[in-house]
Amino acid sequence: MNTFFNFFIKSLKQIAKIIEKWYEENKRDLPWRNSPSAYKIWLSEIILQQTRINQGISYYNKFIEKYPAIQQLAQAPIEDVLKLWQGLGYYSRARNLHITARRITNDCNGNFPSDYKELLSLNGIGEYTAAAIASMAFNIPVAVVDGNVFRVLSRLYGIKTGITSAAGKKLFRLKAQEILNHKKPGIHNQAMMELGALICLPRNPLCNQCPLNMRCYAYKYRLVNELPVKKVNGKTRERYFHYLHISYRGSTFIHKRQQKDIWNSLFEFPLIETSHYIYPEKLHETEAWHHLLGETQYKF
Ligand code: SF4
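Starting from 1, residues in each chain are numbered consecutively following that chain's sequence as written. Totals for whole chains, interfaces and linings use every residue, but because this is a predicted model, local features are given only for residues with pLDDT of at least 70 and side-chain atom pairs only at 80 or more, for both listing and counting. Hydrogens and water are ignored here; the side-chain numbers use all heavy atoms of the structure.

Caption draft 1: Broad picture of the domain arrangement of the protein chain. Throughout the structure description, domain borders are defined by an automatic or database domain assignment. Here the domain parsing of the protein chain yields domain 1 (35-140), domain 2 (141-234) and domain 3 (240-293). When each unit is reduced to the centre of its C-alpha atoms, the spacing between domain 2 and domain 3 is 45 Å.

Caption draft 2: Representation of the site of the ligand. Each residue is tested against the molecule or strand, and it is near if at least one of its non-hydrogen atoms lies within 4 Å. Neighbouring residues of the ligand: R155, I199, C200, C207, C210, N213, C216, Y219 and V224. Points on a 1 Å grid over protein atoms alone make up a cavity when a 1.4 Å probe fits among them but cannot get out, and a pocket when they form an open set with protein on both sides within 12 Å along at least five of seven lines; lining residues each have an atom within 4 Å of a point. Just a note on the criterion: a molecule sits in a pocket or cavity if more than half of its atoms are within 2 Å of the grid points. Among the cavities detected, the one that contains the ligand is the largest cavity. For this classification, the nonpolar set comprises Ala, Val, Leu, Ile, Met, Phe, Trp, Tyr, Cys and Pro, the charged set comprises Asp, Glu, Lys and Arg, and every other residue, Gly included, is treated as polar. Residues that form the shell around the ligand fall into these classes: seven nonpolar, one polar and one charged.

Caption draft 3: Region of interest: the pattern of salt bridges. Definition used for salt bridges: Asp or Glu carboxyl oxygen within 4 Å of a side-chain nitrogen of Lys or Arg. This model, assessed by the stated rule, comprises eleven salt bridges. The shortest N-O distance in the salt bridge between E194 and R28 comes to 2.7 Å. Here the residue E194 occupies a position in helix α11 (residues 185-198), and R28 occupies one in the loop between α1 (2-26) and α2 (38-48), the gap between them amounting to 166 residues. When its relative accessible area of 2% is taken as the criterion, E194 is described as buried. Ionic pairing is found between R257 and E268, a salt bridge with its closest N-O pair at 3.0 Å. In this pair, R257 is assigned in the loop between β4 (255-256) and β5 (267-268) and E268 in strand β5, connecting sequence segments eleven residues apart. Here R257 matches E268 in class, with each residue buried. Where salt bridges share partners, they join R239, R257, D261, E268 and E273 into one cluster. Helix and strand definitions follow DSSP, with helices as H or I runs of at least four residues and strands as E runs of at least two, each counted in order from the N terminus. Three labels apply to residues, based on accessible area from a 1.4 Å probe with only protein chains included: buried if under 20% of the type maximum, exposed if over 50%, partly exposed otherwise in between.

Caption draft 4: Representation of the environment of Q71 within the structure. With respect to the helices, strands and loops of the structure, Q71 is situated in helix α4 (residues 70-75). Classification of Q71 by relative accessible area gives partly exposed; the value is 31%. In sequence terms Q71 and R102 are 31 residues apart; their C-alpha atoms lie 7.4 Å from each other. We call two residues contacting when some pair of their heavy atoms lies within 4.5 Å. Once residues lying within four places of it in the same chain are set aside, the contact partners of Q71 are T105, N109 and G110.

Caption draft 5: Here's a closer look at the packing of α2 against helix α3 (residues 53-66). Where α2 meets α3, the axes come as close as 9 Å, and the angle between the chain directions of the two elements is 135°. Of the possible angle classes, the one that applies to α2 and α3 is oblique. For the pair α2 and α3, the sense of crossing is right-handed. Residues Y39, K40, L43, S44, I47 and L48 of α2 form the contact with α3, whose participating residues are I53, G56, Y59, Y60, F63 and I64. Grouping the constituent residues of the contact of α2 with α3 by class yields nine nonpolar, two polar and one charged. In this analysis an axis means a line fitted to C-alpha atoms, helices contributing only their contacting stretch, and an angle means the value between N-to-C directions, from 0 to 180 degrees. An angle below 35 degrees is read as roughly parallel, one above 145 as roughly antiparallel, one from 65 to 115 as roughly perpendicular, and any other as oblique. Throughout, a crossing is termed right-handed when the near helix is turned clockwise from the far one, and left-handed when it is turned anticlockwise from it by less than a right angle.

Caption draft 6: Seen up close, helix α9 (residues 147-157). α9 sits mainly inside the fold: nine of its eleven residues count as buried. Of the positions making up α9, those classed as buried are N148, V149, F150, R151, V152, L153, S154, R155 and L156. Structurally, the start of α9 carries an N-cap: the backbone nitrogen of N148 is 3.1 Å from a side-chain oxygen of D146. Looking one or two residues past α9, G158 carries a phi angle of roughly 65°, positive in sign. Any pair of nitrogen or oxygen atoms within 3.5 Å is treated as a polar contact; in protein, a donor-acceptor pairing is required on top of that, and neighbouring residues in sequence qualify only through side-chain atoms on both sides.

Caption draft 7: Inspection of helix α6 (residues 92-107) at higher detail. With 16 residues, α6 should reach 22 Å at 1.5 Å per residue; the first-to-last C-alpha distance of 22 Å fits that figure. In this structure, the buried residues of α6 make contact with α2, α3, α4 and α5 (78-85). One or two steps after α6, the chain reaches N109, where phi turns positive at roughly 60°. Helix span, expected: 1.5 Å multiplied by one less than the number of residues in the helix.

Caption draft 8: A look at empty space enclosed by the protein. Grid points are joined across faces, edges and corners, and a volume is the space filled by probe spheres set on the points. As enumerated under the stated definition, the model contains two cavities of 30 Å³ or more in all. If you add up the space inside the largest cavity, you get close to 130 Å³. If you trace the largest cavity, you find 15 residues lining it, with R155, C200, C207, C210 and C216 closest to the centre. Sorting elements by how many residues they give to the lining of the largest cavity places α9 first, with three residues. Approximately 30 Å³ is the volume attributed to the second largest cavity. Looking at the second largest cavity, the residues that line it are A143, V144, V149, A176, I179, L180, H188, N189 and M192. Mapped by element, the contributors of at least two residues to the lining of the second largest cavity are α10 (166-179) and α11. In terms of residues, the lining of the second largest cavity owes the most to one element, α11, which gives three residues. Along the lines of polarity and charge, the residues of the lining of the second largest cavity split into seven nonpolar, two polar and no charged.

Structure follows, in structure tokens:
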């Protein structure tokens, strides 16, 4: 038993060592990797949740140029932050960015908490981002589990549990934590994510160049295209947005979205939303049209 246990631990350590060595030799030169700080790591992770790396770099640089420190981001009007965020979509992330910057500045003297659970309590910081900040900025041994890590682990160990199921999430988290190098958690986490981003690609992974190919279950059993197992859960809802461009004496009507919904607080043309497609010429028959225009005289 002891022999097996020792072999098992040795094997985990070897995998960690291989990935980290590969990372040191192949990592991309990304701006937040130079002189990393909790602020830079946090900012980059929030931006990268919304976009691919190339576009993310330009957003990151714009934010750092305008707000080199978290205090400057905290003091900025939310409208300016939203403007800088423009194009990334999902604006609640930008709003949470601002709320958290204020909280860190006002309550924590501008310093991110170095505790994983405290990080989790901040707006817009979920398990993934908290683990990234904790491990990369504070060397706390918490494994990061993002899409890249799911993929690498699933293929490496032949895990067939769906990554979107609760059981799958738990299993992958445990596995990621198991192989984590507790001495260098930040480097290890980045190495796992980088391997997934550059080599263990969703389609046509570069197995011939992969430092783990001799140990990879999916490679050995030709299951690379079958793993990870994804199951779509949750329902999608179709929404149809019909915008009205209304002009009156040289002015155009716009309004600010107030509902707890997408694009909250952003400006838009008057909107009629329906749950099914409606021909534009039929819009005036809807209740929303009458609610919006009432008895107002108009011409098309
Ligand atoms: S050998 Fe291929 S499938 Fe396995 S971890 Fe490497 S890139 Fe991914």
